[in-house]
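Coordinates in review
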Amino acid sequence: MSQEQINKLRFAGKTAIITGAGSGIGKAAAVKMATEGANVALFDLLDDRTEQTEAEINAIRPGAARAFDVDTSDAARVEKAVLETAELFGTVDVVFANAGINGVLSPIEDMKLEDWQHTLSVNLNGTFLTVKYAIPHLKKRGGSIIITSSINGSRVFSNFGMSAYSTSKAGQVAFAKMAALELAKFKIRVNVICPGAISTNIDQSTEKTDELKEIVIPVQYPEGSQPLREGPGSPENVADLVAFLGSDESIHVTGAQIIIDGAESLLR
Ligand code: NAD
């Protein structure tokens, strides 16, 4: 692609930080925004998948992606990686705070404090830290923050054992709205997306305890779980929404909570 062609793209000259960029929704958003001209900083626990994402994007546009070994719940690592991103690419314009885990699923009375804290720490503290350390950079010329919450914690409360997860996801919604108002004067927009079931690797971060079966109430649905298109969404479906919220096409949208679930949560 020539420089002239790149300059016409939606994210030309912009830099996006994406957490959880090695898999699923984060990866799809990174590929989408990079394909549309962004430089992308891929924050994830460095493993083969993150390096693979970096290689895939750099094959499309050499130098557009850089993988950073970041645990989003570790303040020092987040701060360092954000700083290195700004030094490498020159700006920070879009922040997609997306990394998350399902964590341990357990009845509340059996939930270990350390398991509760781990889920809250990755999902909620991680979001706070990513946003916090990006603000000084975003303030320079305005920008867009997108946070991945879930229908769990906003519209759905019937996934048994997910009290820590749903609490973290509810917290993200409140945090996004507080941040939207606080940061509006700096022309920084903040929106939160709430996906339903999306086909990703999230099950790898899910640990069901034996006690779980003691609290489950069978929930019966009408036929089909996602009435709109009969099946889970794809990471690319979510990436399209993220790219819209990250771009100037959504210039007047902030503090919004957008459900992307094919009407799944309306059935519950
Ligand atoms: P995924 O497991 O495919 O991707 C999540 C990525 O986050 C992984 O690459 C993982 O390594 C990374 N990650 C986990 N802990 C991290 C940490 N401490 N620091 C840095 N990176 C970390 O899952 P996904 O479905 O793409 O999940 C992305 C987000 O979407 C999560 O916040 C999740 O809660 C949310 N979500 C997913 C679904 C779904 O059905 N898949 C539904 C609603 C919300």
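Provided above is the structure to which this section pertains.
Described in the following lines is the structure provided in the data block. Small disclaimer: the values here were computed from a predicted structure and weren't measured.

Attention now goes to the overall build of the protein chain. Across its full length, the protein chain carries seven helices and nine strands. In summary, the protein chain has a C-alpha radius of gyration of 18 Å against a globular reference of 18 Å for 268 residues, a match within 12%. Its C-alpha atoms put the protein chain at 60 × 40 × 40 Å along the principal axes. Every one of the 268 residues in the protein chain was classed for burial, and the buried ones make up 50%. Taking the contacts inside the protein chain whose residues are at least 6 apart along the sequence as the reference set, 78% of them involve residues at least 24 apart. If the 25 positive side-chain charges of the protein chain are averaged to one point and the 33 negative ones to another, these points end up 9 Å apart.

Let's shift gears to the packing of helix 4 (residues 75-89) against helix 5 (residues 113-138). Remark: helix 4 packs on helix 5, axes separated minimally by 9 Å, with the N-to-C direction vectors making an angle of 35 degrees. In the crossing of helix 4 with helix 5, the sense of the turn from one axis to the other is right-handed. Residue-level contacts link Ala75, Val78, Glu79, Val82, Leu83 and Ala86 of helix 4 to Leu129, Thr130, Tyr133, Ala134 and His137 of helix 5. Of the residues in the contact of helix 4 with helix 5, the class split is eight nonpolar, two polar and one charged.

Further remarks concern the pairing of strand 3 (residues 65-69). Bridge count for strand 2 (residues 39-44) against strand 3 is five bridges, and the pairing is parallel. Looking at the pairing, Leu42 lines up with Ala67 of strand 3. Regarding the hand of the β-α-β motif, the stretch spanning strand 2, helix 3 (residues 48-60) and strand 3 is right-handed.

A separate point is the site of the ligand. Taken together, 28 residues form the shell around the ligand, and within it Ser23, Asp44, Asn98, Tyr165 and Thr200 come nearest. Within the side chain of Tyr165, a nitrogen or oxygen atom sits 2.7 Å from an oxygen atom of the ligand. A distance of 3.4 Å separates an oxygen atom of the ligand from a polar backbone atom of Ile202. For the ligand, the protein covers 93% of the area, taking 830 Å² as the surface of the free molecule. Listing elements by their share of the shell around the ligand, those giving two or more residues are helix 2 (24-35) and helix 6 (163-183). Considering only residue class, the shell around the ligand consists of 11 nonpolar, 13 polar and four charged.

Calculation criteria
Residues numbered from 1 in each chain as written. Predicted model: local features only at pLDDT ≥ 70, side-chain atom pairs only at ≥ 80, totals over all residues. Heavy atoms only, no water. Helix = DSSP H or I, 4+ residues; strand = E, 2+ residues; numbered from the N terminus. Rg over C-alpha atoms; globule rule 2.2 N^0.38 Å. Buried < 20%, exposed > 50% of the residue type's maximum accessible area, 1.4 Å probe, protein only. Contact = heavy atoms within 4.5 Å. Lys, Arg positive; Asp, Glu negative; His and termini not counted. Charge placed at Lys NZ, Arg CZ, Asp CG, Glu CD. Axes fitted to C-alpha atoms, helices over the stretch in contact; angles between N-to-C directions. Left-handed = near helix turned anticlockwise from the far one by under 90°. Nonpolar A, V, L, I, M, F, W, Y, C, P; charged D, E, K, R; others polar. Pairing = 2+ DSSP bridges. Right-handed = clockwise from strand over helix to strand, strands pointing away. Near = heavy atom within 4 Å. Polar contact = N/O pair within 3.5 Å; in protein donor to acceptor, adjacent residues only side chain to side chain. Areas by Shrake-Rupley, 256 points an atom, 1.4 Å probe, with all protein chains shown as cover.

Nothing here speaks to function; it is all geometry.
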